[in-house]
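Structural overview for review
What follows is each chain in one-letter form.
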Amino acid sequence: MKYSVYDRFKVEVVRQNDTWQVFRIGQGVKRPEPDVYIPPDTSKSELLVALDDVFHEFALPGVCIEEIGD
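Residues numbered from 1 in each chain as written. Predicted model: local features only at pLDDT ≥ 70, side-chain atom pairs only at ≥ 80, totals over all residues. Heavy atoms only, no water.

**Focus: the environment of glutamine 16**
Stated formally: Under the DSSP-based scheme used, a helix requires at least four consecutive residues in state H or I and a strand at least two consecutive residues in state E, with every element numbered from the N terminus. Relative accessibility decides the category of a residue: with a 1.4 Å probe and only protein chains considered, values under 20% of the type maximum give buried, values over 50% give exposed, and everything between is partly exposed.
Along the polypeptide, glutamine 16 turns up in strand S2 (residues 9–16). The class of glutamine 16 is partly exposed, set by a relative accessible area of 35%. Along the chain, glutamine 16 and proline 40 lie 24 residues apart, while their C-alpha atoms are 9.9 Å from each other.

This is how it looks when you write it as structure tokens:
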């Protein structure tokens, strides 16, 4: 699942081995975000809240974290 983080950058969240892995994505680049931790019991429907908890310092007025297509 890919997300736009407050229109500043994009991340991809992938479920691997019962854990959530977060990658920052850009033009032809995908790198792990090792400092981002999402608890393994977080459901897909709770990912937006979890990402907001991690990246809230990048928030802009009127802009949200949104799931985006491929």
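**Details of the nonpolar core**
Rules: Note on terminology: a nonpolar core comprises buried Ala, Val, Leu, Ile, Met, Phe, Trp, Tyr and Cys residues joined through side-chain atoms within 4.5 Å. Here, two residues are considered to be in contact whenever any of their heavy atoms come within 4.5 Å of each other.
The biggest cluster of nonpolar side chains holds 15 residues, and the ones touching the most others in it are Tyr3, Val5, Val11, Val13, Ile38, Leu51 and Phe55. Mapped onto this core, the elements with two or more residues apiece are strand S1 (2–5), S2, strand S3 (19–26) and helix H1 (47–55). In terms of residue count, the dominant contributor to this core is H1 (4 residues). Apart from residues lying up to four places away in sequence, valine 11 is in contact with Met1, Lys2, Tyr3, Val5, Val22, Phe23, Arg24, Ile25, Leu51 and Phe55.

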